[in-house]
Amino acid sequence: MPARIIDGNALSAKLRGELATKAAALTAQGTQPCLAVILVGGDPASAVYVRNKVAGCEKAGIKSLKFEYPQDAAPADVLGKIAELNADPSVHGILVQLPLPKHFDEKAVLEAIKVEKDVDGFHAENVGRLSQGQEAFIPCTPNGVMEMLKSIEAPLRGAEAVVIGRSNIVGKPMAMLLTAAGATVTVCHSGTRDLNFHTRRADILVAAIGKPKFVTGDMVKPGAIVIDVGINRLQDGPDAGKLCGDVDFDSAKEVAGAITPVPGGVGPMTITMLLVNTVVSAERALAKSRG
Ligand code: NDP
């Protein structure tokens, strides 16, 4: 029987409806949630991501500010803007779209964002807080995956979870969240020996690799939950130009119990969780201002 499809668009629509209600309530109390987005350079994919984030804000009643810099921008100018936004009490979230041009020190830029406004959850302090189970902004993509697992009431405690990928923005925080939820987690990467051995015993398999259709049906345990984080644009063949994930959807869906599609899976959830973090930040700012 083909797998159940975990629909990221439908779940996003539900969560964004709830968010709009919260944003309206905050606005009525004089605190409209506000997200500032910084885009450096002309990378077309980054421009699309920023456009989608800004559009998501508008629909949810969240104010958005967009600051664009050319590819050869001086890092000091961007750091100056971050300092200005850090000090502005009407701004609740600051996001710097990655990747940055090569002459930027990405880590220094992310660390310059005030922890309380780091709605992407990439600041080292937020990462540390997450690893210790303290209140933190959780990176949006793995947080969105957890919401998707929750939506299908996936049994996490005691489950074998395998995450392919160990990046700071997806793989590592994903492993931390699944561990915190009680799963037994294995993190695989390019140096993993016999990847299939690991994937075939996964009750929950998360693919965050960046390689189109890398995970095929024969790598999936029957009945497993397969979460496809990948977003790749096919270069060749009849589907050239189309988006696809890191999972070969057609073969994997015949084996898995549940699976996320691309597009319409994790992608929309990532933006939704960014909006959630921005509203949470505004709620905290309002509570703080009232002492
Ligand atoms: P990175 O390139 O930073 O990380 C890729 C990871 O995959 C690395 O840890 C790498 O291992 C591992 N890997 C590469 N090749 C293999 C292999 N043959 N076998 C096992 N592991 C391998 O990518 P990101 O984490 O940033 O992104 C992953 C994917 O998710 C991309 O397609 C990206 O576009 C997408 N993405 C989607 C988002 C969304 O909203 N849906 C958000 C963010 C990313 P090693 O560490 O050893 O190099």
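Placed above this text is the structure.
Please read these numbers as outputs of a predicted model, since none were measured by experiment. The residue count restarts for each chain, going from 1 along the sequence in the order it is written. Where local features are concerned, this predicted model is filtered to residues with pLDDT of at least 70; where side-chain atom pairs are given and counted, the filter is 80 or more; whole-chain, interface and lining totals use all residues. Hydrogens are left out, water is left out, and the side-chain values use all remaining heavy atoms of the structure.

Visitor: Break down the overall build of the chain for me, citing the residues and quoting the values.
Guide: A run of DSSP states H or I qualifies as a helix once it reaches four residues; a run of E qualifies as a strand once it reaches two. Both are numbered from the N-terminal end. Scanning the chain from terminus to terminus reveals 10 helices and 11 strands. Radius of gyration here uses only the C-alpha atoms, and the compact-globule reference equals 2.2 Å multiplied by the residue count raised to the power 0.38. Relative to its length of 291 residues, the chain is compact, with a C-alpha radius of gyration of 19 Å against a globular reference of 19 Å. If you line up the chain on its principal axes, its C-alpha atoms span 50 × 40 × 35 Å. Looking at the chain residue by residue over its 291 residues, the buried ones come to 49%. For the chain, restricting intrachain contacts to residue pairs at least 6 apart in sequence, the fraction spanning at least 24 positions comes to 69%. Type-normalised accessible area, obtained with a 1.4 Å probe on protein chains alone, sets the label of each residue: buried when under 20%, exposed when over 50%, and partly exposed for intermediate values. The criterion used for residue contact is that any of the two residues' heavy atoms lie within 4.5 Å.

Visitor: Explain the nonpolar core residue by residue, including any values.
Guide: Residues belong to a common nonpolar core when they are buried Ala, Val, Leu, Ile, Met, Phe, Trp, Tyr or Cys residues joined through side-chain atoms within 4.5 Å. Counting 51 residues, the largest nonpolar core has Leu-149, Leu-178, Ile-204, Val-206, Ile-225 and Ile-227 as its most contacted members. In terms of residue count, the dominant contributor to this core is helix 10 (residues 266-289) (eight residues). For every domain, the bounds stem from an assignment made automatically or drawn from a database. When residues of this core are assigned to domains, at least three map to each of domain 1 (30-114) and domain 2 (140-267). Ignoring anything within four residues of it in the chain, the contact list for Ile-227 reads Ile-6, Val-145, Leu-149, Leu-205, Val-206, Ala-207, Thr-260 and Val-266.

Visitor: Lay out helix 6 (residues 140-151) with the relevant residues and their values.
Guide: A helix is expected to reach a length of 1.5 Å times the quantity of its residues less one. Taking 1.5 Å of rise per residue, the 12 residues of helix 6 would be expected to cover 16 Å, and the 16 Å separating its terminal C-alpha atoms lies within 8% of that figure. Most of helix 6 is tucked away, with 10 of its 12 residues classed as buried. Among all positions of helix 6, only Cys-140, Thr-141, Pro-142, Asn-143, Gly-144, Val-145, Met-146, Glu-147, Met-148 and Leu-149 are buried. Each element contacted by the buried residues of helix 6 is listed here: helix 1 (8-28), helix 7 (171-180), strand 7 (204-207), strand 8 (225-228) and helix 10. Positive backbone phi, approximately 50 degrees, marks Glu-153, located one or two places after helix 6.

Visitor: Now, about the packing of aromatic side chains: what can you tell me, with residues and values included?
Guide: We call Phe, Tyr and Trp rings a pair once their centres come within 6.5 Å, taking the six-membered ring for Trp, and we label the pair stacked below 30 degrees between planes, edge-to-face above 60, and tilted otherwise. Per the stated rule, a full pass over the model turns up zero aromatic pairs. It is Arg-284 that lies over the ring of Phe-137; its NZ or CZ is 4.9 Å from the centre. Only lysine NZ and arginine CZ atoms are considered, and such an atom sits over a ring when it is within 6 Å of the ring centre and within 35 degrees of the ring normal.

Visitor: Describe the site of the ligand, with residues and values.
Guide: The near set for a molecule or strand comprises every residue that places at least one heavy atom within 4 Å of it. Around the ligand sit 22 residues in total, of which Arg-166, Ser-167, Ser-190, Val-229 and Thr-270 are the nearest. Polar contacts, as counted here, are pairs of nitrogen or oxygen atoms within 3.5 Å of one another; within protein the pair requires one atom able to donate a hydrogen and one able to accept it, and residues that are adjacent in sequence qualify only if both atoms are side-chain atoms. The side chain of Ser-167 places a nitrogen or oxygen atom 2.5 Å from an oxygen atom of the ligand. Interatomic distance of 3.2 Å between a backbone N/O atom of Val-229 and a nitrogen atom of the ligand. The Shrake-Rupley method, run with a 1.4 Å probe, gives the accessible areas here. Residue values count only the displayed protein chains as cover. If the ligand stood free it would expose 930 Å²; the protein chains cover 72% of that surface. It is helix 10 that provides the largest number of residues to the shell around the ligand, a total of three residues.

Visitor: Please set out the pairing of strand 3 (residues 63-69) residue by residue, giving values where relevant.
Guide: In the sheet, strand 2 (residues 34-40) pairs with strand 3 via seven bridges, with the strands oriented parallel. Its bridge partner being in strand 3, Leu-35 is matched across the sheet by Ser-64. Look down the strands so they point away from you; if the path from the first strand over the helix to the second goes clockwise, the crossover is right-handed. In terms of handedness, the path from strand 2 via helix 2 (residues 44-60) over to strand 3 forms a crossover that is right-handed. A pair of strands is labelled paired if DSSP reports no fewer than 2 bridges between them.

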